[in-house]
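Descriptive structure summary
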Amino acid sequence: GVSVPSDFPVIETAILGETAPGRLFMSSSFFDTGSRSNYLIICENDGTPYFYRKYTRAYLGCGDFKVHENGLLSFHKYIHSEDGFFIVMDQTFTEIDTFRCVGRDRTDSHELVMLSNGHVLLICDHDSTIDMGQYVSGGKPDATVIGMHVQEVDSDGNLYWEWNSWEHLHIEDAVGVNLQSQTVDYIHLNSIAVDYDGHYILSLNKFDEVCKINSTTGEFIWRLGGVNNQFTFIGESTLFAKQHHAVPVPGQQDHYTIYDNSGAGVSRVVEYVLNLKDSTAEKVWEYSDNRINYMMGSAQRLDNGNTYIDWSTWPPLRACEVDANKNRVFEIEVQGISGYRS
């Protein structure tokens, strides 16, 4: 391993069965004390650090540290609690590029996706002053409403394509959002993924919805969950809600895993197979730790069929790997920090 500083977070692991190959990527987004430093960490399954990089507390935390299919790595670096940018590193951990949203929009920390054409997808936060009285009785006449757009940005930082939420999403379709607030976060788009056909899967947290949009026109291809749901669910008694991560299952067309943070009463990972001809969504797998974590978290189907689940909320960071039969084969707990995803 490598020597680590005195404030390096304590990593505790348990290997309980056959795990998928690979190392774990994590970053410290939230802390149990203001004195902690920020870390990017890559570790082995036994918790031994393979790589780390330390940042000072003054610059806040780091988010969504991951490796992309092209071998490059990226993470989000906060400037302050409402804004930041993405840093790209090569396989020597040299910082080689940065990405921000184009224009006056804030670069949201939830997602960066690298595309095969060298472009990236970003989520952009855009504030507008809106008279919410036109939507709800008691709505503020000068409310700040947060729109969230998807931008495709080229390698030179130029805007190539944009999906504008104001053109596609209606404020009144938000579920459980106080539309009488002075600030209305009515979408909370928290994940983007590229599907098998090149179109995009979006997780709309405040809509209780996962949708697929056309990567050229931006139009909806299908909408799953929420008030605009187009599917009949099979094998479900309670639908997902306030989800934080929705991605295609590699190699299984029309299969998707969703990290559901409260729909079924506990946080869980649920896998659906969509029959687009019959408009059905059948639950084919789920796993829960029987707790509600209410924010953050993610799920990743691994090459050997196992599923890695990050149950992140406030510290400590907790994650596990389970096999197809729901047996836990790996557990990790990182004291003092919580990562948005790992």
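This text goes with the structure placed above it.
Residues numbered from 1 in each chain as written. Predicted model: local features only at pLDDT ≥ 70, side-chain atom pairs only at ≥ 80, totals over all residues. Heavy atoms only, no water.

Secondary structure assignment for the protein chain yields 1 helix and 28 strands. The C-alpha atoms of the protein chain give 20 Å as radius of gyration, which agrees with the globular expectation for 342 residues (20 Å, within 12%). Dimensions along the principal axes, computed over C-alpha positions, put the protein chain at roughly 60 × 45 × 40 Å. For the protein chain, the proportion of its 342 residues judged to be buried stands at 56%. In the protein chain, once contacts between residues fewer than 6 apart in sequence are set aside, the share between residues at least 24 apart is 47%. A total accessible area of about 14500 Å² is found for the protein chain, and carbon and sulfur atoms account for 47% of it. (Helix = DSSP H or I, 4+ residues; strand = E, 2+ residues; numbered from the N terminus. Rg over C-alpha atoms; globule rule 2.2 N^0.38 Å. Buried < 20%, exposed > 50% of the residue type's maximum accessible area, 1.4 Å probe, protein only. Contact = heavy atoms within 4.5 Å. Areas by Shrake-Rupley, 256 points an atom, 1.4 Å probe, with all protein chains shown as cover.)

Turning our attention to the pattern of salt bridges. On inspection of all chains with the given rule, the structure shows 23 salt bridges. Measuring nitrogen to oxygen at the nearest pair gives 3.8 Å for the salt bridge that ties Glu95 to Arg53. Of this pair, Glu95 sits in strand E9 (residues 95-99) while Arg53 sits in strand E5 (residues 49-55), placing them 42 residues apart in sequence. The partly exposed category is assigned to Glu95, whose relative accessible area is 41%. (Salt bridge = Lys/Arg side-chain N within 4 Å of Asp/Glu carboxyl O.)

Moving on, we come to the environment of Asn229. Following the sequence through the fold, Asn229 ends up in the loop between strand E18 (220-224) and strand E19 (232-234). Asn229 sits 25 residues away from Asp254 along the chain, and the two C-alpha atoms are 16 Å apart. Once you skip the residues sitting within four places of it in the chain, Asn229 turns out to touch Arg223 and Leu224. From its side chain, Asn229 meets the backbone nitrogen of Gly225 in a polar contact 2.9 Å long. Looking at Asn229, its side chain comes within polar contact range of the main-chain oxygen of Phe231, at 2.6 Å. (Polar contact = N/O pair within 3.5 Å; in protein donor to acceptor, adjacent residues only side chain to side chain.)

Formed by 29 residues in total, the largest nonpolar core has its most connected members in Tyr186 and Leu202. Contributing elements (two or more residues each) for this core: strand E11 (120-130), strand E12 (143-153), strand E13 (159-163), strand E15 (189-194), strand E16 (200-204) and strand E17 (209-213). Among the elements that make up this core, the one with the highest residue count is E12 (5 residues). In contact with Tyr186, other than residues within four places in its own chain, are Val145, Ile146, Gly147, Ser165, Trp166, Leu169, His170, Ile171, Ala174, Val177, Lys206 and Phe207. Among the nonpolar cores identified, the runner-up in size contains 17 residues, and Phe8, Ala319, Val329 and Val334 belong to it. (Core = buried A, V, L, I, M, F, W, Y, C linked by side-chain atoms within 4.5 Å.)

A few words on the sheet that holds E15. Overall, antiparallel pairing links the 4 strands, which are arranged E15-E16-E17-E18 in an open sheet. Of all strands in the sheet, those bounded by a partner on one side alone are E15 and E18. Going from strand to strand, the sheet's axes swing by 20 degrees on average, the running direction of each strand aside. Note: E17 against E18, 4 bridges, orientation antiparallel. Along E18, the bridge assignment pairs Val210 with Leu224. (Pairing = 2+ DSSP bridges. Axes fitted to C-alpha atoms, helices over the stretch in contact; angles between N-to-C directions.)

In regular strands, side chains alternate between the two faces of the sheet. Of the two faces of strand E25 (residues 307-310), the one holding Thr307 and Ile309 and the one holding Tyr308 and Asp310 are both buried throughout. Where strand E24 (residues 298-301) meets E25, 4 bridges bridge the pair, whose relative direction is antiparallel. Of the residues in E25, the one forming a bridge with Arg301 is Thr307. Here E24 folds back onto E25, and the loop between the two strands holds 5 residues, one of which, Gly305, carries a positive phi near 95 degrees. Summarising the sheet, E25 and strand E26 (residues 317-322) pair through 4 bridges and their orientation is antiparallel. Directly across from Asp310, in E26, lies its bridge partner Ala319.

To continue, consider unusual backbone geometry. One non-glycine residue, His188, adopts positive backbone phi at about 55 degrees. Looking at the secondary structure, you find His188 in the loop between strand E14 (183-184) and E15. Although it is not a glycine, Asp254 adopts a positive phi angle of roughly 70 degrees. Its location among the elements puts Asp254 in the loop between strand E20 (245-248) and strand E21 (255-260). Residue Asp254 is classed as buried on the basis of its relative accessible area, which comes to 13%.

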